[in-house]
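Topology and contacts: notes
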Amino acid sequence: MAVVRTVLIIDDNKEDREMISGFLNGDYNIIEPEDSKDAIRVLDANAGIIAAVILDITSDVKSGYGFLHIMKKRKNLSKIPVIITAVTDNDELEINALSMGAGDFIYKPYNLVVLQKRLDNIIRLSENASMAKYLQKDRLTGVYSEEIFCKKVSHMLFENPGLEYCIVYSDMENFGLLKDLFGENAGNNILVYMARVFKHFIGGDELCGRMEADHFILFLKYNKETLNKNLESIVKIINDFPVSMSIRLKFGVYKIDDINMPVQAMCSRAVLAADTIRGRYGQYVAYYDKEIWEKQLYEQEIINCMEEALKEKQFIVYFQPKYDLESERIAGAEALVRWQHPEKGFMSPGEFIPLFEKNGFITELDKYVWDATCGYIENWIKNGYPVVPVSVNVSRTDIYNPDFIEIILGIIHKHHLEPENIHLEITETAYTDNPGQIIDVVKKLKLIGFVIEMDDFGSGYSSLNMLNELPIDILKLDMGFVQGDMKTNSNNILSFIIGLAKWMDYAVVAEGIETEEQIQMLRNMDCNFVQGYYYAQPMPPDEFEAYMLKHNTIGKMDDINIDGLEELKFKKSQGVMLIVDDLVLNRKILSTSFSSYFKVVEKENGADAFEYIKENYKDIDIIMLDLVMPVMDGFTLMKHLGKDERYKHIPVIVTSQAGEKSVRKSFELGAVDFIEKPYNLRIILHRVQNVVMASKK
């Protein structure tokens, strides 16, 4: 349905007024005030809906000019187009009316069809101009959009080549946290407030724009002393916003020294300056300088040669062992990438990974690392070396790639591996960026059989919420937790997080371990795994292979002795060890440890295990059973087994974290032994040997 616009007709001649009204009625809503004074009142009351004014000045030219003057002065009326009508054929009269803001001029007697056509045109022109102006401004804050800001800056620089200007970029570090704590409306309100503050500090020949989210850009005359004072005042005023948290503002300033540079590039330099002080307490202004420029050049050099480096295999995969804290044996490794540049030499990840994450090349590098890592694992298996799961990094860009799962599976199958051979490390910040996307992807990965590690846990601000929603297997603690002052509250926080993870049945890896004191602290907190320079630094593949062969690895049980006992004489059985545990890592630890002695079958809940037992009970030598599982728990499974004589010959060892009541109940239901998690593999091997030997006597 077409919108019917409203037209105001001011004409002392009643017949003319009624003639126009009658002709336009139906196409327009018509308002007819009594006189020009009444017309101003009507306009004020209906400024938002009146599309145009038809004003006759035949009887009183001076009053008509006065009416135009009033409309031009009032902001709410100045954009409404006016068509002047008059009987006198006078060019000077028309020129004066147009110069005072009239949109068109028609002489009487006029053709009504021509009048309507002129009216249609002037309204359409006005609305198009309003829409163009509307699109120039950010809808929320009313400041210029980034595109219009850049165009206006370019124009002003061209018009004023002798003046010194600067671009100021504003970034609120904790804007995401503010929205999470106080809601979307609070976030919008503070953006509107910030825009008002910025506009207060800019002059008539200066500009304010919004790039996206909480990022504003200013175009200002350059005076460093004045600018610093103003930015200090802005920080104080914005922190007066009524919200119960400190607002952390950072400003990057680029003094314009080349007016021919694209304005977008100028803004990028201001952004680079602001990035240098992110996370620095008490520092809120940074200026683009030679050091930043040199860094920018260096980064561009890296970008220029990154594709060639990948083709020439200049990137090298290093491995850092992960240790089981209880037995102090190698339980896994992390694949890390290094760059051996032919001219720049050995480059650490900190020099190129952040840059690749920005420009998207990280996806190509990740695929390279995944493929290389799987290739090494394939060779270790072929050569009969001890093999442990290797963690590889998955960037947030990978997660957003719709082909990600297909790509990673293709690499796994290419090297004849299983998903459990590699663990996928996903950073916590990937979850905070897009929770829905990562939850969906991780669920699919887990169904396929991948083990999911959450890297740098505790470095973000939504960790507890993430734990509740994201189906992960392992928490990898941010190294800041264990490298801080042991006597501070970080010790209590670390203990709480490890306890929470254990309660949720997650394994915990602590990284960055460098001292014996840290080892003892983590051991007392019942942490599962550690990695760091205390045990081993990252090493190239050949060194890592030698390291694995030399050191005890979970799965390499040939040389284990338990408190002076003779070397275990475990003979390989033709029977099955059934491992029932919903946590993949726990199953893999047992599977790797006992695969030399049994045919190992894994099930992730009691219901699946019971179905397997009903079909294969004659072949099962022993069941390793967790208690807490979905679908059917361990207690329920033991009740089912106890009701059927066919299953009573199968020994059940319960492996779980539980209190005295659970231990007692397990034995009442027929368990032959109870082993608490986390496993001490020396002890569990000995107990399994005793149970199997006893059951076969």
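Preceding block: the structure.
In this report, the structure presented in the accompanying data block is examined. Residue numbers restart at each chain and count upward from 1, following the sequence in its written direction. Local features in a predicted model are, by the rule used here, given only for residues with pLDDT of at least 70; side-chain atom pairs are given and counted only at 80 or more, and totals for whole chains, interfaces and linings are based on all residues. Derived side-chain values reflect all non-hydrogen atoms in the structure, with water molecules and hydrogen atoms excluded from consideration.

**Observations regarding the sheet that holds strand β2 (residues 28-31)**
The five strands lie next to each other as β2-β1-β3-β4-β5, forming an open sheet whose pairing is parallel. Only two strands of the sheet have a single partner each, and these edge strands are β2 and β5 (104-107). Within this sheet the neighbouring strands show an average axis-to-axis angle of 25°, counted without direction. At least two DSSP bridges between two strands are required for those strands to pair. Here a helix means four or more residues in a row that DSSP labels H or I, a strand means two or more in a row labelled E, and each is numbered from the N terminus. Bridge analysis of strand β1 (residues 5-10) against strand β3 (residues 50-56) gives five bridges, and the strand direction is parallel. Within the sheet, the bridge partner assigned to Val7 lies in β3 and is Ala52. An axis is simply a line fitted to the C-alpha atoms; with a helix, the fit covers only the stretch in contact. Between two such axes, the angle follows the N-to-C directions and lies from 0 to 180 degrees.

**Structural notes on the packing of aromatic side chains**
Think of it this way: a Phe, Tyr or Trp ring, Trp meaning its six-membered ring, pairs with another when their centres are within 6.5 Å, and the plane angle makes it stacked under 30 degrees, edge-to-face over 60, tilted otherwise. Summed over the entire model, instances satisfying the criterion amount to 26 aromatic pairs. A network of ring pairs unites the aromatic residues Phe315, Trp339, Phe352, Phe356, Phe361 and Tyr368 as a single cluster. Our definition puts a charge over a ring when NZ of Lys or CZ of Arg is within 6 Å of the ring centre and also within 35 degrees of the ring normal. A cation over an aromatic ring shows up here: Arg338 above the ring of Tyr318, its NZ or CZ 5.7 Å from the ring centre. Sitting over the face of the ring of Phe635, Lys665 holds its NZ or CZ atom 4.4 Å from the ring centroid.

**Considerations on helix α15 (residues 404-414)**
Throughout this description, buried means an accessible area under 20% of the type-specific maximum (1.4 Å probe, protein chains only), exposed means over 50%, and partly exposed covers the range between. Looking at α15, one finds that the buried residues are Phe404, Ile405, Ile408, Leu409, Ile411 and Ile412. Viewed end-on, α15 has its buried residues packed into an arc of 155°, placing them on one side of the element. In α15, the exposed positions angled more than 90 degrees off the buried face are occupied by Glu406, His413 and Lys414. Here, two residues are considered to be in contact whenever any of their heavy atoms come within 4.5 Å of each other. Against the buried residues of α15 lie α13 (362-382), β15 (390-394), α14 (396-400), β16 (422-427) and α17 (435-448). Residue His416 follows α15 closely and has a positive phi angle near 60°. For this quantity, the arc is that covered by the directions from the helix axis to the C-beta atoms.

**Considerations on the sheet that holds strand β25 (residues 673-676)**
Spatially, β22-β21-β23-β24-β25 is the arrangement adopted by the five strands of the open sheet, whose pairing is parallel. Where the open sheet ends on each side, the last strands, each with one partner, are β22 (599-603) and β25. When strand polarity is set aside, the average angle formed by the axes of neighbouring strands in this sheet is 20°. Most of the contacts of helix α24 (residues 606-616) go to strand β21 (residues 576-580), to which it runs at about 160°, and overall it touches β21, β22 and β23 (620-625). Most of the contacts of helix α25 (residues 634-642) go to β23, to which it runs at about 150°, and overall it touches β23 and β24 (652-656).

**A look at the nonpolar core**
For the purposes of this section, nonpolar cores are sets of buried Ala, Val, Leu, Ile, Met, Phe, Trp, Tyr and Cys residues that join through side-chain atoms within 4.5 Å. Counting residues in hydrophobic clusters, the biggest one holds 79 residues, and the most contacted among them are Phe315, Phe352, Phe356, Leu365 and Leu522. Counting residues per element, this core draws most heavily on α13, which supplies nine residues. Setting aside anything within four residues of it in sequence, one finds Phe315 in contact with Met306, Ala309, Leu310, Val337, Arg338, Trp339, Phe352, Phe356, Leu365 and Tyr368. Counting 32 residues, the second-largest nonpolar core is a separate cluster that includes Met172, Tyr222, Leu249 and Val285.

**Let's talk about the packing of helix α6 (residues 146-159) against helix α10 (residues 263-275)**
At a minimum axis distance of 9 Å, the contact between α6 and α10 shows a crossing angle of 105°. Here α10 runs roughly perpendicular to α6, going by the angle between their axes. On the side of α6, the interface is formed by Phe149, Cys150, Val153, Ser154 and Leu157, while α10 contributes Val263, Gln264, Met266 and Cys267. The class makeup of the residues in the contact of α6 with α10 is seven nonpolar, two polar and no charged. These descriptions rest on fixed angle ranges, namely under 35 degrees for roughly parallel, over 145 for roughly antiparallel, 65 to 115 for roughly perpendicular, and the rest for oblique. Think of it as three bins: nonpolar holds Ala, Val, Leu, Ile, Met, Phe, Trp, Tyr, Cys and Pro, charged holds Asp, Glu, Lys and Arg, and polar takes everything else, Gly as well.

**Topic: helix α9 (residues 224-238)**
Given a rise of 1.5 Å per residue, 15 residues ought to cover 21 Å, and the 21 Å separating the end C-alpha atoms of α9 matches this to within 8%. Among the residues of α9, Leu227, Leu231, Ile234, Val235 and Ile238 are the ones counted as buried. Along the axis of α9, the buried residues cluster in a sector spanning 100°; they form a single face. Facing away from the buried side of α9 by more than 90 degrees, the exposed set consists of Glu225, Lys229 and Lys236. The elements touched by buried residues of α9 are β7 (165-172), α8 (184-200), β9 (215-221), β10 (249-255) and β11 (285-287). What a helix should span is 1.5 Å times the count of its residues minus one.

**Here's the deal with unusual backbone geometry**
Following Lys108, the chain continues into Pro109 via a peptide bond in cis, with omega recorded as -15°. Residue position: Pro109 is located in the loop between β5 and α5 (112-136). The backbone phi angle of Lys313 is positive, close to 60°, even though this residue is not glycine. Locating Lys313 in the fold gives a position in the loop between α11 (290-311) and β12 (315-324). The class for Lys313 is exposed, based on a relative accessible area of 61%. With a phi close to 70°, Asp526 is a non-glycine residue in the positive phi region. Within the secondary structure, Asp526 is located in the loop between α21 (516-524) and β20 (529-531). Using a relative accessible area of 29% as the deciding quantity, one classes Asp526 as partly exposed.

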